[in-house]
Amino acid sequence: MWKRAARIFLYIIAIGYACITLFPFLWSFFTSLKLTPDTNKWWVPVSRLTMENYTNLIFSHEYPFFQWFINSLIVAAVVTVGNLIINSMAGFALARIPFRGRSFLFYLVLGIMMIPPQVILVPIYILLSKLNWVDTYYGLTIPWMVNCFGIFLMRQFFLSIPRELEEAGFIDGLSRWGVFWKIILPLSKPALATQTIFIFMGNWNSFMWPNLLASSEEMYTLPVGLSTLYGEYNAFWNHILAGTMIMTIPIIIVFLIFQRHFIRGIATTGIK
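Residues numbered from 1 in each chain as written. Predicted model: local features only at pLDDT ≥ 70, side-chain atom pairs only at ≥ 80, totals over all residues. Heavy atoms only, no water.

Undergrad: Could you clarify how one ought to interpret the side chain of Asn 71 in this entry?
TA: Positionally, Asn 71 belongs in helix H3 (residues 65–96). Classification of Asn 71 as buried rests on a relative accessible area of 0%. Within the structure, Asn 71 has its side chain in polar contact with the backbone oxygen of Tyr 220 (distance 2.9 Å). Apart from the residues within four sequence positions on either side, Asn 71 is in contact with Tyr 137, Glu 218, Met 219, Tyr 220 and Thr 221. (Helix = DSSP H or I, 4+ residues; strand = E, 2+ residues; numbered from the N terminus. Buried < 20%, exposed > 50% of the residue type's maximum accessible area, 1.4 Å probe, protein only. Polar contact = N/O pair within 3.5 Å; in protein donor to acceptor, adjacent residues only side chain to side chain. Contact = heavy atoms within 4.5 Å.)

If you want it as structure tokens, here you go:
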């Protein structure tokens with residue numbers, strides 16, 4: 001009886017927490033369907049809800065919304081792919097290849113993880129300005145194509161893979177490069193899926209760096225472009241929230257694609 005009561009109590013807490021978490025999202029979606037005069041009203045009839053805000057924003061002649069969306073997609077995709085490749089190779093080297101200074105490099109990676117990214121924005125901007133990469137895709141992507149947390153994650157995951165598999169690959173005639181691509185990486189789908197979700201989401205929602213580097217409206221990413229809808233004297237919140245709802249679609253798609261491997265990685269954490 002007590003176990004059943006405790007279970008019901010936990011269900012009530014979980015449902016309550018879910019409602020609290022979903023309320024801002026539902027309110028944002030509801031507001032994105034309102035007309036501008038109804039934006040500040042808590043409730044409007046369903047008959048007054050419309051998709052006009054979405055169509056006006058996507059097909060707007062005043063704001064290059066589609067270009068902002070493409071810019072965000074390019075930046076997030078390129079940075080994610082770059083991180084998957086570079087972080088995996090660095091993590092493999094730190095986990096599997098014995099060389100002098102390996103421990104020092106690993107602790108250096110851990111130390112860099114403790115540095116707030118805001119601290120290095122100005123030095124990176126100065127460097128990119130000397131390379132004439134300001135307001136370019138190069139500047140938006142290349143500085144972030146490696147992530148210390150991603151290196152740490154991949155190293156720790158590679159350490160959990162039995163060395164016997166690697167030795168079997170060497171016996172079959174594979175080089176270290178072949179072992180990495182044909183044996184280690186296929187076994188690392190949970191870690192790669194975790195990286196993909198977090199890195200794509202972080203770069204898709206990134207605002208500070210694109211806002212600092214992009215000076216022309218054509219190079220704005222979606223978060224920076226939507227911020228221009230917030231004027232000095234007024235803000236079109238229904239349009240802003242419509243754009244925000246569109247922003248969530250790629251993140252949901254990426255999560256749905258990789259959730260199977262992501263959940264499997266969480267479920268098998270700590271299992272040898």
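Undergrad: So what exactly am I meant to see when it comes to helix H10 (residues 189–204) here?
TA: Residues that lie three or four places apart on an α-helix share one face, since the helix turns once every 3.6 residues. Between its terminal C-alpha atoms H10 stretches 22 Å, which fits the 22 Å expected from 16 residues at 1.5 Å a residue. Most of H10 is tucked away: 12 of the 16 residues are buried. Taken together, the buried positions of H10 are Pro 190, Ala 191, Leu 192, Ala 193, Thr 194, Gln 195, Thr 196, Ile 197, Ile 199, Phe 200, Asn 203 and Trp 204. (Expected span 1.5 Å × (residues − 1).)

Undergrad: Could you clarify how one ought to interpret the nonpolar core in this entry?
TA: Within the largest apolar cluster, 33 residues are counted, with the highest numbers of intra-cluster contacts made by Phe 65, Trp 204, Trp 209, Leu 222 and Leu 226. Contributions of two or more residues to this core are made by helix H2 (52–58), H3, helix H5 (121–130), H10, helix H11 (208–213), helix H12 (222–227) and helix H13 (237–267). Tallying contributions element by element places H13 first for this core, with seven residues. With sequence-adjacent residues up to four places away left out, Leu 222 is seen in contact with Phe 65, Trp 68, Phe 69, Ser 72, Trp 204 and Met 247. Membership of the second largest hydrophobic core comes to 12 residues, among which are Met 154, Ile 161, Val 179 and Leu 185. (Core = buried A, V, L, I, M, F, W, Y, C linked by side-chain atoms within 4.5 Å.)

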